[in-house]
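# Close look at the chain arrangement
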Amino acid sequence: MEYVQGGLEEAKKAVEADTRADYGVAVESYGRCLHYLERALGDPALDPGLRGVLTSKVGEYTTRLGEVRRMVMVNQPPSQQVGTPAARQPGPMGPGYPPSAGSGYPP
């Protein structure tokens, strides 16, 4: 049940951030929300009614996460967009090094 509670708390944070157009925070919170809810759905003892609600919310939040990620990408300068020619310029150790900020990998 702790995963359900964690997912609901992150969902609330995500929706609040999304509403105030703080899309960076919204992306992070939607991601954490989905992590928690997917873990909750992996529990075989989860109530079937709650499973149905959570499954629906996972679909809804996954869709919104994709939309918000696209908005964040459009609003970033080209050099910060993953996969753009400016972001792929080779560093001293080849293309993609050092990792770009926000890639999730330490520099």
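The preceding data block contains the structure.
All values derive from a computational prediction rather than experimental measurement.

Reading the values: rules and limits
- Residues numbered from 1 in each chain as written.
- Predicted model: local features only at pLDDT ≥ 70, side-chain atom pairs only at ≥ 80, totals over all residues.
- Heavy atoms only, no water.
- Helix = DSSP H or I, 4+ residues; strand = E, 2+ residues; numbered from the N terminus.
- Buried < 20%, exposed > 50% of the residue type's maximum accessible area, 1.4 Å probe, protein only.
- Contact = heavy atoms within 4.5 Å.
- Areas by Shrake-Rupley, 256 points an atom, 1.4 Å probe, with all protein chains shown as cover.
- Phe/Tyr/Trp six-rings, centres within 6.5 Å; stacked < 30°, edge-to-face > 60°.
- Core = buried A, V, L, I, M, F, W, Y, C linked by side-chain atoms within 4.5 Å.
- Expected span 1.5 Å × (residues − 1).

A tally of regular secondary structure across the protein chain gives three helices and zero strands. Going through the 107 residues of the protein chain one by one, you find that 24% of them count as buried. Relative to all contacts within the protein chain whose residues are 6 or more apart in sequence, the contacts with residues 24 or more apart total 49%. Accessible surface, the protein chain as shown: approximately 7100 Å² in total, 59% of it carbon and sulfur.

Glancing now at the packing of aromatic side chains. If you walk through the whole model with that rule in mind, you get two aromatic pairs. Summarising the aromatic geometry, the rings of Tyr3 and Tyr36 are spaced 6.4 Å apart at their centres and angled 40 degrees between planes, so their arrangement reads as tilted. Taken together, the positions of Tyr3 in helix α1 (residues 2–19) and Tyr36 in helix α2 (residues 23–41) put the pair 33 residues apart, joining distant regions of the chain. With relative accessibility at 28%, the residue Tyr36 sits in the partly exposed group. Summarising the aromatic geometry, the rings of Tyr30 and Tyr61 are spaced 5.8 Å apart at their centres and angled 40 degrees between planes, so their arrangement reads as tilted. Of the two residues, Tyr30 sits in helix α2 while Tyr61 sits in helix α3 (residues 48–74), which places them 31 residues apart along the sequence. By relative accessible area, which is 3% here, Tyr30 ends up buried.

We now examine the nonpolar core. Formed by 18 residues in total, the largest nonpolar core has its most connected members in Tyr30, Leu37, Leu54 and Tyr61. With eight residues, α2 is the largest single contributor of residues to this core. Beyond its immediate chain neighbours, meaning those up to four positions away, Tyr61 contacts Ala11, Val15, Tyr30, Cys33, Leu34 and Leu37.

Quick look at α1 now. When the terminal C-alpha atoms of α1 are compared, their 26 Å separation across 18 residues agrees well with the 26 Å that a helix rising 1.5 Å per residue should span. Against the buried residues of α1 lie α2 and α3. Positive phi shows up at Ala21, right after α1, with a value of about 65 degrees.

With 19 residues, α2 extends 26 Å from end C-alpha to end C-alpha; this agrees with the ideal 27 Å at 1.5 Å per step. Against the buried residues of α2 lie α1 and α3.

Moving on to the side chain of Ser29. Of note, Ser29 is situated in helix α2. Aside from chain neighbours lying at most four places away, what touches Ser29 is Glu10, Lys13 and Ala14.

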